[in-house]
Each structure stands twice: as C-alpha cells, then as structure tokens.
Protein chains: 6
Amino acid sequence: MSSLNFTNILTHTVEELAEPESLKGLFHQHREGKPLPSSKALEEIIDISRTIIFPGYFGKSSVNTRTIRYHIGVNIERLYKLLTEQIMAGLCFSCQDCPEADGMKCYGKAQQTAIKLISKLPEIRKILATDVTAAYNGDPAAVNMGEVISCYPVIKAITNYRIAHELLTLGVPLIPRIITEMAHSETGIDIHPGAQIGHHFTIDHGTGVVIGATCIIGNNVKLYQGVTLGAKSFPLDDNGNPIKGIARHPILEDNVIVYSNATILGRITIGEGSVVGANIWVTEDLRPNSKKFKKE
Amino acid sequence: MSSLNFTNILTHTVEELAEPESLKGLFHQHREGKPLPSSKALEEIIDISRTIIFPGYFGKSSVNTRTIRYHIGVNIERLYKLLTEQIMAGLCFSCQDCPEADGMKCYGKAQQTAIKLISKLPEIRKILATDVTAAYNGDPAAVNMGEVISCYPVIKAITNYRIAHELLTLGVPLIPRIITEMAHSETGIDIHPGAQIGHHFTIDHGTGVVIGATCIIGNNVKLYQGVTLGAKSFPLDDNGNPIKGIARHPILEDNVIVYSNATILGRITIGEGSVVGANIWVTEDLRPNSKKFKKE
Amino acid sequence: MSSLNFTNILTHTVEELAEPESLKGLFHQHREGKPLPSSKALEEIIDISRTIIFPGYFGKSSVNTRTIRYHIGVNIERLYKLLTEQIMAGLCFSCQDCPEADGMKCYGKAQQTAIKLISKLPEIRKILATDVTAAYNGDPAAVNMGEVISCYPVIKAITNYRIAHELLTLGVPLIPRIITEMAHSETGIDIHPGAQIGHHFTIDHGTGVVIGATCIIGNNVKLYQGVTLGAKSFPLDDNGNPIKGIARHPILEDNVIVYSNATILGRITIGEGSVVGANIWVTEDLRPNSKKFKKE
Amino acid sequence: MSSLNFTNILTHTVEELAEPESLKGLFHQHREGKPLPSSKALEEIIDISRTIIFPGYFGKSSVNTRTIRYHIGVNIERLYKLLTEQIMAGLCFSCQDCPEADGMKCYGKAQQTAIKLISKLPEIRKILATDVTAAYNGDPAAVNMGEVISCYPVIKAITNYRIAHELLTLGVPLIPRIITEMAHSETGIDIHPGAQIGHHFTIDHGTGVVIGATCIIGNNVKLYQGVTLGAKSFPLDDNGNPIKGIARHPILEDNVIVYSNATILGRITIGEGSVVGANIWVTEDLRPNSKKFKKE
Amino acid sequence: MSSLNFTNILTHTVEELAEPESLKGLFHQHREGKPLPSSKALEEIIDISRTIIFPGYFGKSSVNTRTIRYHIGVNIERLYKLLTEQIMAGLCFSCQDCPEADGMKCYGKAQQTAIKLISKLPEIRKILATDVTAAYNGDPAAVNMGEVISCYPVIKAITNYRIAHELLTLGVPLIPRIITEMAHSETGIDIHPGAQIGHHFTIDHGTGVVIGATCIIGNNVKLYQGVTLGAKSFPLDDNGNPIKGIARHPILEDNVIVYSNATILGRITIGEGSVVGANIWVTEDLRPNSKKFKKE
Amino acid sequence: MSSLNFTNILTHTVEELAEPESLKGLFHQHREGKPLPSSKALEEIIDISRTIIFPGYFGKSSVNTRTIRYHIGVNIERLYKLLTEQIMAGLCFSCQDCPEADGMKCYGKAQQTAIKLISKLPEIRKILATDVTAAYNGDPAAVNMGEVISCYPVIKAITNYRIAHELLTLGVPLIPRIITEMAHSETGIDIHPGAQIGHHFTIDHGTGVVIGATCIIGNNVKLYQGVTLGAKSFPLDDNGNPIKGIARHPILEDNVIVYSNATILGRITIGEGSVVGANIWVTEDLRPNSKKFKKE
C-alpha cells in the first residue's frame, strides 16, 4: 500500500471542512472587533469576585484593615472592565444580525449591567456569608470557617451560581451558563443559573449534584453528593421539540435535607422540614416534615 | 529530641528512592530523543480539533467565510505536527525494547496515522453535528445551538471520545485513554475509547456517567447523570487475574433513554426504544420498548 | 431612566465592602511576610512527588538508571523548599494571634515536618505500588501498569490522599485538606485526609466517591464510582452545632468490594470479604463474607 | 531611634503621590474602554510582520509552498486586529479631549490605516529584500542570506523602521516611535521613524548609530557602528524652547559610506559616492566622491 | 574513531565540575530559606515604580483622579513586599558568614530600608519630573511630554538610576548595581548608582553613554549618545590591585552640554555653562563657559 | 473616497505575498519534523550553561557542596537535549538539499557535537574564571567577585562568546552567531564567534565594542566601551562581492589596553603591552609597549 501524502490530504481536507454545507449550525461568525466569550476572562472574573468577597483568602497578597480599600478598589475596577467585555460578548453572541449602529448601544448596556452587578456585590457577600455558616455548621469535619472558605467545593459552586444568577436576572445571555459550568467542571456540582436558592444553603461533598433551571429552593436547605433535582419529562411542541420555559423542576421548602444520590423529579413540592433519604427516587409531593427513607 | 538535618536525610532518601528494587514496575525508562506523552500537547490537540470542527466557537480569533480556509489550513498543519509526536510517544511508550533501527519506521507509522485521523475530521464533524442536535433537542433549558456547543459538558466529552475512539481504531496505544480521561476530569463523564457509540448521542448534565470499554450504543440514545454502563463481574485466569478483551458491558439499542444514577451491568441488551428509570439496577436483558422504573 | 455612573458606584461599593461588620468571619488577615497557602505551590508539590515516586511517568525529562539520582536529588531539594513554605502557611493560617517571636519557632517546625515527610517518601512509594497493582488487577481494560500510572484517576486521588494523610498525621493544618480537594476537583473522588486506608486499595472510575474523615479501610478493598462511605447523623452540642471528632463513618475490613453508587452510612462495620451491591443503602453492620444486593 | 511603621508611611505616601499638583504633566488619564499602547501587542505586531515578510525564518512553524497561503492569511488577519487596536491607542493617546461621539470615527480611521499598512506589505518586503542583499554583500563574514535574515541586528532595526515610517506617513501618532525604540533597545540602532531612507541600505554591527528625524538617505548607503547623523544646534522660539519641524539633520546622497563613530551634524549634504572615515566630525557639505579621513 | 557515550561523559563531567578546586571564587553558597537576588523581581520593582511615578503611562489599567489612590495603594504594598525581599537578598549576598541569629535583624533592616525608599518616592517623582521637562525641551523631535515618558530611553535609565542611587545611599549592597545594569542593557546607557546627578538632567539617544561611580553632575546638564565620563587611570595598592573608593571621575557643573562620543576622563571639573564638542577627548579642567570643539 | 474593505485587501495581499517571485531569497523551507533554530531554546542553553559554570549565581535554587552534583547532573542532561536539537537545527538550516537518508547521520553528528561541547565545560569554566578575575582587578568600582559575576555585562558577553567559539570550532553553522548576537543585544558588545581571545580578557562598560571575525587577541587584554577592532577594507571578487575568509582584523598581543571609542582597523599588530588612547584611529602596526594618544 502506498503511503499518504500530507500536503494532498491537507489541501483536500481543508476544502471539505470549509464547505458551507458541512458547517451548518456549527459555525459562529463573530462580528469583527467585538469581544469573544473568553473562559480565561471569565475565570479572572470569578477569581476577582472571590477575592473581593472573601478578602485575604484568595488573591496573592495579604490585606489588612487599612489597606483593604485599595485592594477592593483596584479589584472592582478590573472587574468592571472584564465584566463589561464579557457581557458585551454575551450580547453579541446572541444577536448576530443586529445593525452596526447598535454597537454603541449594546456597549452602553453592557457597561450598565456590569455596574449593576458590582453594586450587588455587598448583597451577594451577605448571602454567601450565610452559606459559609451553613457549610461550617453542617460538617463536623470542618475545623474552622477559614477551611470552609478556602477549600469546600460548595463555596466555589454557590459563589459562581450567585453571580451567574444575578447576571441572568439582569438579562445577560450565555455568560451565566458558562460561569456555572466552570464550577460544574471544578466541583462536579451542576447548578443552573436560573434556579432560585435561599440563604443558608449548603451541599456536602457535592460531586454529581444537579439543580435544574426552574428549581425553587428555600432557606436552610442542605443537599448531599449525587442529589438530582431534575425534570421528570417535558411536553413537546408540534415538531416534537421540548417546549422551553415551563416550570418542570422541584420546589424545596425551607429546612429540607436531601441525602446522597436521591433523585427528586418534576414540579413537585418537598414540604418544609422534610428529610429525603439516600438513593431514593421521589416524583410526588411530600408534606411538610415528611421523612422519606428507602425500605430495604 | 535532636532535630533532623536536611542534607543527611536528602542523601539517604535519594539512595533509597534510587534503589532498583524499590522502583520495580514504577519506573519508565524512556528512550533518549523520543517524544514523551504530554498532557499539554494533548490539550492543544483537543483545543485545535474543537476549533476546526466548530469554527468561531473555540480559539481566540474571529473567522468568516472568506478567511476560514486560512484558519483551518494552519490549524491542521499544527495538528499534524502535534499528533505525529504524540502518536509516536504512544508507540514508544508501549514498545520499550524495540531495536533502534525501528525508530524511523515508527515515526513513519506515526505520520501515516496522524494523516489518517486528519482525513477523518470531516466525518467526525458530521457525527458530532448530530450529537449537538440531540443535546439541543433533549434539553428544554438549552437556549440555542451556540450555547450547547460553547458550554455543554457532553459536547466536550463526546468530542474527546470520538477522536480517541478513532485513534484507538487506528492502533494507537495509551494516547486515546489519556484523551478520554482528560474529558473525564473536566466533565465527570468517563467514556472508554473502546466503546462504540452511534449518532445523535447525548448525555444530560453528565457527572458520574461511566461507559465501559466494550459497550455498544445505538443511535439516538440519551443518558442522564450518574448512569453506569458497566461490567457485572469478569472471569479470572489461572493466576487470578482478570482475562482481558472479553465483551462484558451492555448493548443499548437505538432510541434508548437511561435516567439518572441507573446502573446497567454486564453483557446484556437493552432493547430498542426502552426507558430505564432513575436509581435503578439492571443486570438482565430488556425487550424493546420496555419501561423499567423503580417500585417505591 | 438615568444611567449609572461607574465612579460613584465604585466609591460607594468599596466603602460598603470594606465595612468591618460586612467582613465578619469572611476576612483573613495574614501576617505580613508570612507565606500564604498557594494552590500553585501545592500543585507543584504534588507534581514533584509524582515525579519522584513514579520516575519517567511524570515530569518533562527522560531518566535512566545512571541519571536517576541527579533527578531525585534536585526534586527532593525543591520539594523541601515548597513543603516548608506551605506547611508554614498552614501553621500561620491557624494561629493568627501567635506572638511575633514565635515566627522562627514555627519556621523550624515547618522545616522539621517537611523533612519528616520527605523521609517517608520511600514508604509512601511502597504502598502506592500496591495500589497500582490493585488497580491493574482489578480492571480487565487496563493494558499495562504504565497506563494505570499515567492516566487512572484513582492513582491521582490515592497519591494525593497518602501524602495529605501523612501531613495531617504530622500535625499540619489546612494544607492536607487542600491537597485532597485538589484531587477531588480533578477526579471527582473525595477522600478526607483523616481517613485510614490499607494497602492494595483501588477505586474503579471513581467519580462521586466519598470517603469520610473517620473511615477505617482495610487491605485489598475495592470501590466503584459513586460509592459513599458517609456519616448517618451526628450528635449536636448544646448550641445545636455538630460535635467535632466523633467516629461516625464506616469501617471496611479487608477484601471488601463495594459496587457503584452504594451508600454506606454511620460507624458500622462491613465484615471481611463482604460484597455490597450497586445502588444499595447500608446502615447496619454486615458480617464477614456477606453479599448484600438490591432486591428488585 | 524608633522604627518606621509601614502602614502609616503607606497611607501618607499614597496621599502625597495622589495629590494633583504632584502629578502635573506626569499623569495620563486614559478614556475608559479605549485600548492602551501596549509594548506586548507591538512586539507581536513586529513578530508577525517579520514572519510574513521572511517566511520560514521567524515564527514557530515550518511552511512550504503549498501551505504558505494559509499561514500568511492567518497572520495578516491577526496583524489587522492588533494594528487596529494599537493605531486606535495611538490616536486616543494624542487627543484626550475629543468628544465621545468621535470614538467610532477614530475606530474607523484606525481600521482604514491598518488596512493601508497591510496593503503596503508587499512593497515593504521588496525594499527589505534589497537591504538583506546589501548587508550580505557588505560583510565578508556573512555566510549566507539566511544568516543575515536570522541574526543581523540591522535587519531587525530596518524592518522596524520601514514599518514605523509607513505608519508615521499614514498619520499615526506615538506608535511609530515606540516601534523604532523597541529596535533601538534590541540593537542599539536608533533610527527616527521620520527619516527617509532609500533601498539597499545597511549598517554594520550597528550599536550606537543615530539617524535623526529629518535625515534623508539615498540608495546603497552603508553606515558602521557608532555613526551619528544628528542636529548641530536648533533655533529656539521666544520662550527658549526648540522650534519643532525644522529640517536639521544631514542629507546623504546615493552610495555614501560612513565609517564607525563618525559624527555628521546639521542640515548638510554628503555628496554622492563620498566616504567618511572613522571617528571623524563633519559639519559642512562634502562634494560628491569626497574621501574625508582623520589626519593623525 | 569510536563515538562518545553521553552517560559516561555526563558522569565524568559532573565530577570535574563539582570539584571544589574548580569552583573557587565561582560558587555562591546561599543560606537556605533566604531570598535570592532575582532579576524577575527587580524588573517588577522597576515596573511598579514607573507605574506609581507616571500614573496611566505604564501598567495595564486605566486610572482616573478618583481611582488613583486605590492603584497607588496596591502598588506600594506590592512594592514593599518585593523591595523587602530583594534588599534582604542583597544583604545576605554580601555577608555569607553572619550568624543565623542575625537573620531576623537583617530582615528588620530590609523592611526599614524598603519603607525609607517608599517614603522617598514623592521626592523621586519630583526630580524625575524635571528630567522629563529637560528631555522634552531638549529635543525638537519630541511631540509631547507623553511621548517622552512613554518611549525615551533616558527616562528609563534615569528612573532606574534615581531609585538605585537612593538604595545605595541607604546602604543596600549589590541590588542598586543590578538595577542600573538592567537599564544599561535596555538602553545602552550605563550610569553607576554611586554617581551624583542634579535636576533637569537629560541624555539624547543615549546608547554608549558611561557615567562613572564618583561622577558629580550639576543641574541642567545634557549629554548626547556615546559620551564617557570615566576614570583616567587609578592608583594601585602594593599588590597591584586598584585602590577602591578614590574620587576618579569628572565633575560637571550646572548647565554643561557634552556632545556625542566625547570622552571626559579623570577627576577634573568642567566649569558651569561649558560646551564640549563631539568626538573630543578632555582630560583637564575647563573653566566656566568654555566651548571646546575639535579642530579639523 | 470610499473606504477599503479588509477582506478584499486580505485576499489580494495574501496572493501577492505568496507569489514565488516575491519570496526569492527570503523564504526558508524547513524540512518537516526537523527542529528549527529557536531563540527561546538558545536562551535556555545559555542560562543553563551560566548556572553550571557559576553555581549559585544563576538559576532559581540554592546549592550547597553536598547537593551540587544533583544540580549539575540534571542541568547537563537538559543541556544535552537542548544542544543536540539546536545543533541539529543549525546543520539542517545550512543543508536544505541533503537526502532524507542523511537525517539520522546528522542527528548522530549533532549528538556527538553536543557531547563534545559538554566535555569542554570544565575548561570553559577555567578560562572564564580568569576573565572574572580580570574584570574584578580592572575596576576599582567592583565591590567583590560576586558582583562581577552577577551583573557585569562583560561576563555575559564573554561567556556567550566562549561557548559560541567552541561550537564554531566544532563545525556548527549559524547557532554560534545567534548566541553572540544574543549577547550583543543584551550588552551592546559584539564579539564575532570566529575571533580568538586569550585568558584574563576583560571589557569595561562595553557598549559599542566590536571584535571582528578574524581578530586574534592575546592574554591580559583590556578594552573599554566603544572600541572597534574592525576591517579596514576588503578585497572584492570579480563580481564585486567581498571575498570571504581573508584575515582582515587586528592582532592584539598580550597585555594590551585600548581606551574608549578607539578604532583599530585592518590586519595590523598592536604589540605587547601597548596602550591605545581614547577616540583614536589606528590603521598601522604599533610596536610593543607603544603609548598612542590623541594630540589635542
């Protein structure tokens, strides 16, 4: 058999791969000069947000009460620049056919949205403080709050979620989902930015947890690893495609605990104070204070 | 108690750790001048492949219909260089005792294999396009195809798998497994490169999914997070070691759906159109169109 | 509606975020000049340890029997420097109020602890060699030991655990947990550094495995993906907070196998040679050689 | 003597350094969202230009006659992006008070200027080819043209100059000077972008050469290290400041040679074919074919 | 001829190179745990200093009057950390035999010295402002002050010198010389940190300028490229070695101009307002307002 | 005037720039799979050589008498790998038309040459030790030998030269010149690798020094900044091109001193013990012990 010649294959393969038909639906034409969504920029956004929210735990420099203003000031300014660009990237990604003249309008919107997110940071820190407390109180192995902040996966996942949820609420496309997927990749915890989650929320260990887009979770809720809060099934439209935007994930009221690998599916309500046991499968409402365990 | 002296401990520990007996089976002697498997190079291989297959979604530059040829051409040339080296690294890793004279022969083989993989790229893109469609159609939360391509873990995992599977089929050792383990680490989805998977395949969320080496999966199959397609048990040889190469993982026929955390074990067949419920344990064949759910 | 002005929001938000009340429990004041825990340094520590323990598999250069002493010598010296700094960082993190004069004492302790860990490396390699054997023997898909060392997630997780466990035993705060969480993020396997694990230990696939802080695991134990060895519940003190340091996780005796997604909770004993089936929930002792499978 | 406290000094020094008076003339307020001149971007611009002009000598990948189009295409596209940004940075740097509305106009101008420069690249390559020939022919130590292109300082300096001169001619502020200063730092050859230089120009060794802003240099001119083509003195305005824009540097006609460390000052003309000896000081016109050497 | 074997040569050469005799005077034994002089750290020190002194010209972020305090604060804190380490490195470099107990004392001295330098920054900026003015006024080609600050080599060289001179005055060994050599490498201007230089100092072009260790330069002095202010000869001690610390370089009084490639040697005085022509050689005092040009 | 369209210009310019005629003499076609000369690799080669020759002064880690063997061993192994590749790159660069079959022969030659250079390192260190002594003794401003090794430009330049000269002697094309040009760029000292230079050689300050390819320099020679040892003129062949390989630069016998900016041209001999004054121009032999100064 004769050997293949690279240059021939190269020329041929380039033609095949550049054929418009072969590219249908897989080719994103970005408008020149507009920013692209960048996982590197988004990672820096998350790193800076963590540094602002938990001073002295993240970031490379030591901070004290007199110098903290300098650090927060510089970090917020950098955050503003990065956020504006990435929000702009999200806006452009979704409206490829907008007239050129709208460029400045979009940029203004991106700036305003970035400012709004920044002005929410104190509030985001306040609720994350309750999550840290919940993680610490919920784990006898936790030595101190510092350990929780430094290395518990739930803190990473919930920080990304709370920022992404805020961005989604502010109308930013694509970017929120990339941010929660970054945490998903890092921690194995998959929280959709559309979910609504109360204060004092925690997840132990976390790998395999799934929280769907239309979940509503109350305060003081605790999940363990492998818990799914998913959709049971979803109605299809006339073309057989799933209908978007229907509430299809569970509601967990305050003070619910769900043990490891439990699966809760559909728009059902797990009543206040209920406990759902490990490896269990729940597809119907539970009344408040239910204890649902496996019979084995 | 007297304190330990670093230099003494250093000298002593170096001797202990360099002792041939202590190194048995843990020491890889690489032939000088031959490439080493490099996770950095393999990551670049995957990045470039994604850039070629989904133009404009990955990579740092914007592309349009007139410049796309330039980009694909340069990327394929770089891919060829990296692939040749890493395939060579895989070949060398597995045959440490080959005579020096075979060096050029192996290098030629590595080049030919790289060319073959490159010539398969249009086909790989075609089948990945069906996977993107399946992911989009299977998730009501998906806003558009762009979002699916940009951030759904399944797209990362299945892209790595389809490339790794092709390399394995072309006879490349070690490298395919490293490539799927990279996706495993990034997404929590563990697909063995030896598995066979049809078109329009998707996995929702994905963390914890395991697809074993001898699985055969038909078209239009959908899995949810935590699903195991594993071996039930495996026969041992006379030395008590597992016998390699026996078909021991499930066959899923076309249009099967398996819900979260279900475990399907052994060389059984899940018949066409069947649905396997969440948290269930299946070790026997299911006839076509079965619905198997937990009784609770 | 008038648009927001960034500089105003910036000044205002900096003030809010620098307010002492808002920082309570979330602010870590590090003593100037002391090293900070650094995930980059810890990653290098793990990389170097892997390079020393499995020569030729990790690291960028090829080694042979005559040059191996040079490589191990240089790597141990670098390891000593990095370990001393990170152990010091761990010590400082936990005792923020120690008098300045204790700085040198702590540094001496960090050096001694680093030396102790280094002197344990030959022993750590010996037990990891048994883990490699167990992984190879336990997986019919494993082609050779080299493949296991290069890319099996369990080898990454167990290497980090064995180093972290040693550091915890030597009294180092925080750092051991960060090291196991690094492996958790990379592999989805969450082993608390406090757990005790015998030789010839392996985990197949691994995503979602949780091994709690007070687990005791014998020799020749094998786990599959998604297995939880967790706490059932834990006693609270008078303030409603969990009491720390109580043995609350399972004991697995020698030769136990636990299949995927099984959940074993509480201070129970799984007797020698027992097999626990997939997706099962165990909260009571199992006698030696039990076979516990799901009834479905 | 009591020791200084860092935090006090910090606070105090920040205030001093932020005082408007102290900042007068030293503080550049950049308009938010506009690109900054970036030496990193400018270095990439020069690297890419060299790669395009001398294919196969610079850049990391090998090129051949069939793949060269791909490489040039991708490089020009990248060059366009970088040039547009840096030209924009130069424009913004010089007009800090322009109305916001002019932002888009400037950006359009930056794009048009970048396109113009790119369309000049074939011409720039043509004249640089003559400079390479001149350097090769002028140095008996030159082994081949490849060596000249790869490592002769004059090629670096003249490439930067020819690009910078073109940009200056196109009306770009600041950026041209930064580009020639980059070559000055790398080679010790200081050519002002405003100078006019004919074809087949070369400089041997080069360190210390200075070519002033209003120099006019003919074809086939050769300089040696340490040669100054400078201004003798310059008229001051009523405030005692030098008057800008007056022709004040020498004119060298075709085929002139100037030996090392010679100094030629003022708007004088060195006639065609003249030779100026080493370490000499010339402040008056030389007729064609003069030989001016030191009397010692 | 038989070919050489690398491993043999390696072993042999290592032994030769590790022989104490061969290392005499070339081997620097650094005390473990002490910082090493680091050109990377020193480059960052210079970059940060430039960023603080000329806000908005260097550094990657835009600054405005309201955010400038944040930026200066963060930069000074980083500068303090880096300076303390590098000053400590300089101190350790010079006293290799100091008792261990002196470690903390040296560190305290390093901190105090860093603080002193930082408190001098406003003064350093003030005098550099005069140098910028002198460079701008002295060059008809200068378009604006911004161009001078951004890209004139003299500004780089004089900034490094003024910082290094301050450090030398504060008693820091080695580090000042490394800092001026960094500027020497970048600009070709070699100013010894021991020289004394008044305000409104400038150098045009600069390559080849040498200013010796005991030079004293008044205010409003201007040099051109290639000027040497050197020693004529120096007395030897009884062993034939040069005697250190003797004043041996020229004194230039206020308002002196020295044209390109002039060489001024020995402890002579160039009187106020004098002008020294290009390529001239001066070894004797010049009275005030002398005009010394070459006769040719 | 209508604005230019980038895509049109792009396509057009790519075609122009890819035209074979336009590429003549400027296009280097590298054989696929062969290493390219890499300034990054060559910089690492120089860094490692400095680290081996002056232990503890360069490189990032501290060394002591017990660990020095480990460091030298690892460094030499890395040096061998890099040198082999870069020597191979040099060989390939110069013989583009060699038959494929010669690839392995060239590689073997590259390895042998690398080994030979490595075996010369002890000798290179020995002569560099004399250069360090000469620099220290020759400069009253030198505080200690450590300062000379750490930051004197002459040490950088002479180290690169001595390595490059050895490589040239071993028959390596191109690479030696790139190495001396790297030092030229860093220090302003331009020594051709072909020059022959005795022991105890030093250059003060150094910027602007030029030492031509056929220079012969004895022992104990000292040069100052700006000194040129150049060719006066060179005979042309029948085509008007310079004839290569003719001795055309000066011979400096032992104990010669040449002061700043002196220019010595042609194949003349400066007799033993002579002193050449600053800014002087010498084109005829000087008898031993001459003192040649400027008359002014």
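An unreviewed UniProt entry annotates chain A as Serine acetyltransferase originating from Xylanibacter muris.

Engineer: Sorry, what's going on with the interface of chain D and chain E here?
Structural biologist: A common way to report how large an interface is uses the accessible area buried once the components associate. Taken together, the 51 residues of chain D in the interface contact 60 residues of chain E. Together chain D and chain E conceal approximately 4700 Å² of surface at their shared face, both sides included; 63% is due to carbon and sulfur atoms. At the junction of chain D with chain E, the criterion picks out one salt bridge. A salt bridge links E15(D) to R69(E); its shortest N-O distance comes to 2.9 Å. Counting only elements with at least two residues in the side of chain D that touches chain E, the list comes to helix 1 (6–18), helix 2 (20–23) and helix 8 (175–187) of chain D. Of the residues forming the side of chain D that touches chain E, the biggest block, nine residues, is contributed by helix 1 of chain D. Of the residues contributing to the side of chain D that touches chain E, the split by class is 21 nonpolar, 20 polar and 10 charged.

Engineer: Looking at this structure, I do not really get the relation of the copies chain D and chain E. What am I missing?
Structural biologist: To go from the first copy of the chain to the second, apply a rotation about an axis and then a shift along the same axis. Its rotation angle being 120 degrees, the transformation that places chain D on chain E also includes 0.0 Å of axial translation and leaves an RMSD of 0.1 Å. Classification of the inter-copy transformation places it as that of a three-fold axis. Of all interface residues in chain D, a mere 10% are interface residues in chain E too; the two copies therefore contact each other through different surfaces.

Engineer: Looking at this structure, how should I read the interface of chain F and chain E?
Structural biologist: With 60 residues of chain F at the interface, the matching set in chain E holds 50 residues. For the pair chain F and chain E, the number of links is one salt bridge. For the pair chain F and chain E, the number of links is 14 residue pairs in polar contact (both at pLDDT 80 or more). Of all the elements in the fold, those that place two or more residues in the side of chain F that touches chain E are helix 3 (39–53), helix 4 (68–94), helix 5 (103–137), helix 6 (145–151), helix 8 (175–187) and strand 6 (222–224) of chain F. Tallying contributions element by element places helix 5 of chain F first for the side of chain F that touches chain E, with 12 residues.

Engineer: Would you mind going over the confidence of the model for chain A with me for this structure?
Structural biologist: Chain-level pLDDT for chain A is 91 on average; 96% of the residues reach the 70-or-more range. Predicted complex, confidence summary: ipTM 0.93, pTM 0.93.

Engineer: Explain helix 3 (residues 39–53) of chain C here, please?
Structural biologist: Turn by turn, an α-helix covers 3.6 residues, leaving residues three or four places apart pointing in a common direction. Between its terminal C-alpha atoms helix 3 of chain C stretches 21 Å, which fits the 21 Å expected from 15 residues at 1.5 Å a residue. All buried positions along helix 3 of chain C are accounted for by A41(C), L42(C), I45(C), I46(C), I48(C), S49(C), R50(C), T51(C), I52(C) and I53(C).

Engineer: Explain the pattern of salt bridges here, please?
Structural biologist: Pairing is possible between side chains of opposite charge, provided their charged atoms come close. By the definition in use, this model includes 48 salt bridges over all chains. Notably, a salt bridge pairs R50(B) with E186(B), separated by 3.7 Å at the nearest N-O pair. Of this pair, R50(B) sits in helix 3 (residues 39–53) while E186(B) is found in helix 9 (residues 175–187), placing the two residues 136 residues apart along the sequence. Looking at R50(B), the relative accessible area reads 8%, which means it is buried. A salt bridge links R162(E) to D131(E); its shortest N-O distance comes to 2.8 Å. With R162(E) in helix 7 (residues 153–169) and D131(E) in helix 5 (residues 103–137), this residue pair connects regions lying 31 residues apart in the sequence. Just as R162(E) is buried, D131(E) falls in that class too. One connected set of salt bridges, linked through shared partners, spans R50(A), K156(A) and E186(A).

What counts, and where the lines are drawn
- Residues numbered from 1 in each chain as written.
- Chains lettered and ligands numbered in written order.
- Predicted model: local features only at pLDDT ≥ 70, side-chain atom pairs only at ≥ 80, totals over all residues.
- Heavy atoms only, no water.
- Contact = heavy atoms within 4.5 Å.
- Buried area = accessible area lost by both parts, 1.4 Å probe.
- Salt bridge = Lys/Arg side-chain N within 4 Å of Asp/Glu carboxyl O.
- Helix = DSSP H or I, 4+ residues; strand = E, 2+ residues; numbered from the N terminus.
- Nonpolar A, V, L, I, M, F, W, Y, C, P; charged D, E, K, R; others polar.
- Least-squares fit on C-alpha atoms with pLDDT ≥ 70 in both.
- Polar contact = N/O pair within 3.5 Å; in protein donor to acceptor, adjacent residues only side chain to side chain.
- pLDDT = per-residue confidence, 0-100.
- Expected span 1.5 Å × (residues − 1).
- Buried < 20%, exposed > 50% of the residue type's maximum accessible area, 1.4 Å probe, protein only.

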